[in-house]
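# Examining the three-dimensional arrangement
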Amino acid sequence: MSNRQGFIGVFDSGLGGISVLKKLVSQLPHEDFFYFGDTGHNPYGARSADDIFDLSKAIVDNMVCKGAKAVVIACNTATAVAAHKLRTMYPQLPLIGIEPALKQACDAHIYKHILVLATPVTLRMEKFHQLRDRMCACNSANVKISALACDGLAHRIEQGNLDAPDLDNDLRTILAPYIGSVDAVVLGCTHYPFVKDRIVSILGNPVCFDGAAGVAHHVRDVLQDRDLLNDQIERGCVTFATSAHDAHQLDLYEQFYHLPQ
Ligand code: DGL
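What counts and how
Residues numbered from 1 in each chain as written. Predicted model: local features only at pLDDT ≥ 70, side-chain atom pairs only at ≥ 80, totals over all residues. Heavy atoms only, no water. Near = heavy atom within 4 Å. Polar contact = N/O pair within 3.5 Å; in protein donor to acceptor, adjacent residues only side chain to side chain. Areas by Shrake-Rupley, 256 points an atom, 1.4 Å probe, with all protein chains shown as cover. Nonpolar A, V, L, I, M, F, W, Y, C, P; charged D, E, K, R; others polar. UniProt positions renumbered as here; feature names shortened; annotations may be inferred. 1 Å grid on protein atoms, 1.4 Å probe; cavity = no way out; pocket = protein on both sides within 12 Å on 5 of 7 lines; lining within 4 Å. Buried < 20%, exposed > 50% of the residue type's maximum accessible area, 1.4 Å probe, protein only. Contact = heavy atoms within 4.5 Å. Helix = DSSP H or I, 4+ residues; strand = E, 2+ residues; numbered from the N terminus. Pairing = 2+ DSSP bridges.

Under an unreviewed UniProt entry, the name given to the protein is Glutamate racemase, and the organism recorded is Fannyhessea vaginae DSM 15829.

Set out below in structure tokens:
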């Protein structure tokens, strides 16, 4: 029997995945969502692949036990490390991940220099190398693709306080080698859309891509194909949970959820 009334589990290493959750809710307003932020183990981008896999598996196990009808890995890092293996462990579960939206940027065929920003782990993984090689092969010599590991940035965003001057200084330092030299930027970490305007303005106004809207469309298509869309008339609900020891972290999640984007 199909589990149309089940919830959709969404997780990230912290609050970054809320940027994806917002797109999911606007695409699928009648679904119930359970968002888990693993802030207690943030940042994933500084952890070993084994660690990230174990943490992701524990979260998916838990969501499945609670009755999730689908799980969205709203984290590029966890997707790169764990999605493939988790799919083999849960062949019946719709398990949708996110990857840097490099294809969307390349498909436009108008950008000469595309910069991908992501965590060090995402950029080290085979999945990203394959994506980049595929894009270079389809676009011949017309496009230059650069990748920049933004060490520490997701963790800083996880602290909130986005207007503090230290964040601006960090961004300027990280992005310095590319200021004025790229015409498209791909936000390959779900934390970065929360500082999108600043990234774009520091870099000199390139066109910006992130994978959240694409993921939301894909989730809707997958649920529709499997007859899993919730048929309730009322709007669904969104519930937040975290591994953070600080109870205020959930307030921060709510705050980020309501930030204009
Ligand atoms: N938000 C995550 C991503 O999309 C990872 C951030 C981190 O924990 O390093 O990659």
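That was the structure; now back to the text.
## A closer look at the site of the ligand
Not every one of the 14 residues close to the ligand is listed here, only the nearest: Ser 13, Tyr 44, Thr 77, Thr 190 and His 191. Residue Asp 12 places a side-chain N or O atom 3.0 Å away from a nitrogen atom belonging to the ligand. Gly 45 has a polar backbone atom sitting 2.8 Å from an oxygen atom of the ligand. Coverage of the ligand by the protein amounts to 99% of the 300 Å² it exposes when considered alone. Per-class residue counts for the shell around the ligand are 5 nonpolar, 8 polar and 1 charged.

## Comments concerning the UniProt feature "binding site: substrate" (unreviewed entry) in the protein
As recorded in UniProt, the feature "binding site: substrate" (unreviewed entry) lies at Asp 12, Ser 13, Tyr 44, Gly 45, Asn 76, Thr 77, Thr 190 and His 191. A maximum C-alpha distance of 12.0 Å is found for the annotated residues, which run over 180 residues; spatially they form one tight group. The annotated residues contributing to the lining of the largest cavity are Asn 76 and Thr 190. Here Ser 13 falls in the buried class, since its relative accessible area comes to 5%. Look past the residues within four positions of Ser 13 in its chain and what remains in contact with it is Gly 37, Asp 38, Thr 39, Asn 42, Tyr 44, Cys 75 and His 191. Apart from residues lying up to four places away in sequence, Gly 45 is in contact with Thr 77, Thr 119, Pro 120 and Val 121.

## Here we look at the pairing of strand β5 (residues 113–118)
In summary, the side chains of a regular strand alternate between the two faces of the sheet. A large share of β5 lies buried, amounting to 6 of its 6 residues. Burial along β5 is two-sided: His 113, Leu 115 and Leu 117 facing one way and Ile 114, Val 116 and Ala 118 facing the other are all buried. As judged from the 6 bridges shared by β5 and strand β6 (residues 144–149), these two strands associate in the parallel manner. Of the residues in β6, the one forming a bridge with Ala 118 is Ala 149. As paired elements, β5 and strand β7 (residues 184–187) share 4 bridges and run parallel to each other. Looking across to β7, one finds that Val 116 is bridged to Val 186.

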